[in-house]
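Close look at the chain arrangement
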Amino acid sequence: MLGHRPQVDNSSTSAAPVKCARWEKTYPQRRWYSVSWYIKVLSMKARGEPMFKDTKAFSGFSVDNLEKAREFYGQTLGLDVSEANGLLTLHIAGGTDILVYPKPNHIPATFTILNFPVSTIEQAVDELTRRGVRFEIYHEADLMTDEKGIARGGGPNIAWFKDPAGNILSVLEIANA
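Residues numbered from 1 in each chain as written. Predicted model: local features only at pLDDT ≥ 70, side-chain atom pairs only at ≥ 80, totals over all residues. Heavy atoms only, no water.

A short note on the overall build of the protein
Check the secondary structure of the protein and you find 3 helices and 12 strands. Among the 177 residues that make up the protein, the fraction classed as buried is 32%. Taking the intrachain contacts of the protein between residues at least 6 apart in sequence as the baseline, contacts between residues at least 24 apart amount to 51%. As displayed, the protein offers around 12100 Å² of accessible surface, 53% of which is attributable to carbon and sulfur atoms. (Helix = DSSP H or I, 4+ residues; strand = E, 2+ residues; numbered from the N terminus. Buried < 20%, exposed > 50% of the residue type's maximum accessible area, 1.4 Å probe, protein only. Contact = heavy atoms within 4.5 Å. Areas by Shrake-Rupley, 256 points an atom, 1.4 Å probe, with all protein chains shown as cover.)

What to know about helix 2 (residues 66–76)
Taken together, the buried positions of helix 2 are Leu66, Ala69, Phe72, Tyr73 and Thr76. Projection of helix 2 onto a plane perpendicular to its axis shows the buried side chains occupying an angular sector of 155°, all on one side. For helix 2, the capping residue at the N-terminal end is Asn65, with a side-chain oxygen 3.0 Å from the backbone nitrogen of Glu67. Once helix 2 ends, the next one or two residues include Gly78, with phi positive near 75°. (Arc of directions from axis to C-beta. Polar contact = N/O pair within 3.5 Å; in protein donor to acceptor, adjacent residues only side chain to side chain.)

Considerations on the environment of Pro108
Mapped onto the secondary structure, Pro108 falls in the loop between strand 6 (96–102) and strand 7 (112–118). Sequence-distant contacts of Pro108, that is, excluding residues within four places in its chain, are made with Ala165, Gly166 and Asn167.

Focus: the sheet that holds strand 6
A sheet is described by the order of its strands in space; here 4 strands give the open sequence 3-6-5-4, paired in mixed fashion. For this open sheet the edge positions go to strand 3 (59–63) and strand 4 (80–84), each flanked by a neighbour on one side alone. On average, each strand axis in the sheet is inclined to that of its neighbour by 25°, with strand direction left out of account. Across 5 bridges, the pairing between strand 4 and strand 5 (residues 87–92) is antiparallel. Note that in strand 5 the partner of Ala84 across the bridge is Leu87. (Pairing = 2+ DSSP bridges. Axes fitted to C-alpha atoms, helices over the stretch in contact; angles between N-to-C directions.)

Focus on the layout of surface pockets
Where empty space is left can be seen by rolling a probe of water-molecule size over the atoms. If you add up the space inside the largest pocket, you get close to 340 Å³. In terms of lining residues, the largest pocket is bounded by 16 residues, among which Leu77, Gly78, Leu79, Phe116 and Val118 are the most central. Residue assignment for the lining of the largest pocket shows that the elements contributing at least two residues are strand 5, strand 7 and helix 3 (121–130). Each residue belonging to the lining of the largest pocket can be placed in one class, and the counts come to 11 nonpolar, 3 polar and 2 charged. (1 Å grid on protein atoms, 1.4 Å probe; cavity = no way out; pocket = protein on both sides within 12 Å on 5 of 7 lines; lining within 4 Å. Points joined across faces, edges and corners; volume = space filled by probe spheres on them. Nonpolar A, V, L, I, M, F, W, Y, C, P; charged D, E, K, R; others polar.)

A word on the sheet that holds strand 11 (residues 158–162)
Read across the sheet, 4 strands follow the order 7-12-11-10 without closing on themselves; strand pairing throughout is mixed. In this open sheet, the two edge strands, each paired with only one partner strand, are strand 7 and strand 10 (150–151). Pairing between strand 7 and strand 12 (residues 168–173): 6 bridges, direction parallel. Across the sheet, Phe116 pairs through a bridge with Val171, a residue of strand 12. Running over the sheet, helix 3 touches strand 7, strand 10, strand 11 and strand 12 and is turned about 145° from strand 12.

Here it is as structure tokens:
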């Protein structure tokens, strides 16, 4: 706790160093520890070892029906899917895993939660349409799609669709995808 003054045995004449178990470092014994001293020690740790540099982070999102999600992501989209402890894991190319969890009061995301790069958007849209995916059609001032649901110009060609829980996904055309 910041500002805490540790109990130090002042009866001894020797000033033995104090071992800080948390960072396995030895600091000189002091009669009191100021807030600035604690902040200095904490910041030395923070600067010395980045907290998440080597952590394999992952993303996740909720659905209202795990079984429908497993079928959609595994069969319709053709992703490797595993299930453990009532959760789905989508195994995406490149070693990325995405957690899919059930939520009884699920509200679909209003933004794109997952983008799938493809080399030819026409082929991807046609194939997904054959598999039962319905693409979103937008006729807004700042967002127009064609009859297939593909937005062209102003960036990569992109088409949005929804999973069974209503979350928004996309395929986007990227060279060498």
